[in-house]
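Examination of the molecular architecture
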Amino acid sequence: MKSHPKEDEFATTQQSADPKTEGLASKERRAALVSLRGELLANPIPLERDVVVLGRALEADIRLNDSKASRMHARIDAAVDADSGLGLYRIKDLGSTNGTIVNGQLITEALLSDGDKILIGDQLFRFDMLSESDREFQPQIHRLLAHDGLTGLLTSKSFFSELRRETARAEQQSSPFCVLMMDVDHFKEVNDTYGQLVGNHALEEMGVLIKGALRSGDVAARFGGEEFSAFLLDADYAQGLVAAERVRRAVAQHHFSSARQGGTEPAESFRITMSVGVAAYPDDSKDPIQLVELADSALYRAKRTGRNLACAYRPSLAATEKPLRSRGD
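Residues numbered from 1 in each chain as written. Predicted model: local features only at pLDDT ≥ 70, side-chain atom pairs only at ≥ 80, totals over all residues. Heavy atoms only, no water.

1. A closer look at the nonpolar core
In this structure, Met182, Met206, Ile210, Phe228 and Met274 are the most contacted members of the largest nonpolar core, which totals 35 residues. A total of seven residues in this core trace back to one element, the largest contributor, which is helix α5 (residues 196-213). Residues contacting Met206, with those up to four places away along its chain left out, are Val184, Phe228, Val251, Phe256, Ile272 and Met274. Core analysis: the next-biggest nonpolar cluster, separate from the first, contains 22 residues, Ile45, Ala74, Ile91 and Ala110 among them. (Core = buried A, V, L, I, M, F, W, Y, C linked by side-chain atoms within 4.5 Å. Buried < 20%, exposed > 50% of the residue type's maximum accessible area, 1.4 Å probe, protein only. Helix = DSSP H or I, 4+ residues; strand = E, 2+ residues; numbered from the N terminus. Contact = heavy atoms within 4.5 Å.)

2. Looking at the pairing of strand β11 (residues 123-130)
One face of the sheet, then the other: side chains in a regular strand alternate in exactly this way. Within β11, seven of the eight residues are buried, leaving the element largely enclosed by the surrounding structure. As paired elements, strand β1 (residues 30-37) and β11 share seven bridges and run antiparallel to each other. Each residue of the ladder has a partner; that of Arg30, found in β11, is Leu130. Sheet topology note: the strand β10 (residues 117-120)/β11 ladder contains four bridges and is antiparallel. Bridge pairing in β11 places Lys117 opposite Arg126. (Pairing = 2+ DSSP bridges.)

3. Description of the packing of aromatic side chains
Throughout the structure, instances matching the rule amount to nine aromatic pairs. Summarising the aromatic geometry, the rings of Tyr89 and Phe127 are spaced 5.5 Å apart at their centres and angled 50° between planes, so their arrangement reads as tilted. Of this pair, Tyr89 sits in strand β6 (residues 87-93) while Phe127 sits in strand β11, placing them 38 residues apart in sequence. You'll find Tyr89 and Phe127 in the same group, each marked buried. On the basis of an interplanar angle of 15° and a centroid distance of 5.0 Å, the ring pair of Phe177 and Tyr281 is categorised as stacked. Of this pair, Phe177 sits in strand β12 (residues 177-184) while Tyr281 sits in strand β17 (residues 274-281), and the two are 104 residues apart along the sequence. In this structure, Phe177 and Tyr281 share a single accessibility class: buried. Through successive ring pairs, a cluster of aromatic residues spans Phe159, Phe160, Phe177, Phe223, Phe231 and Tyr281. (Phe/Tyr/Trp six-rings, centres within 6.5 Å; stacked < 30°, edge-to-face > 60°.)

Structure below.
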């Protein structure tokens, strides 16, 4: 049975416009879907094609990692009104299992107006006609929501979204990749000895060190507290372990400062170490969540073995070290 959300959740705010400038403004605006809920939160998706398909399938134009969405769930058709010259956008359900809901109403097809809310599975979008300033501002909102405020790395939620996309790409192209789980050793001692502000600054530096040890295009995230994660594109098991060792070594060799902002006392430096676990696609698993769990298992083996180590989930597969290919290859 198809469920209907409460109508007030999707209430559309109507805005008055100056009739003398409304037509001109509309012609200067471009249509986009702005995600209000789900993994694409606050990310504007331009509707620049005549037909845009939304769904779970790899071939969908807007791919939704949502079990409640059908493979080819709905499509948005663009046309030009012959009289006004303005763009018209119509959404059509493609026989989806759970239906397409616009402004709280289950639809077969509907003409979209500026501000309409579209619900597909658990993904909520707003149809917007964005001005140039809107289009510049929306990606900034997305970046703020997707990135950890302290380290600048992705949040764990955004990391999982990117990891699911990478898993789909790797499956389609039969290419490997590796997941790293990283945890700072004895980080509580840093906070206890130097205070939380120094600890936060150390975590901020940690984000810089991790990002610097990886290649351009690899994806790193702060998983929470002093735990970090990353996945390495087009890297097999051996290359993943080489990269993990490079991260571990960069952290171990770095001198962290105990200076407090505005403090007058002489600052001393201290060292931190990090343990890293590695799991590989497709050798260990093809499921993105399980890959993280396996890398986490390898991480805790590194902790139990003595810390300040990089461990593979299956060491026998990572025995042959090879240089990590650059992203340009």
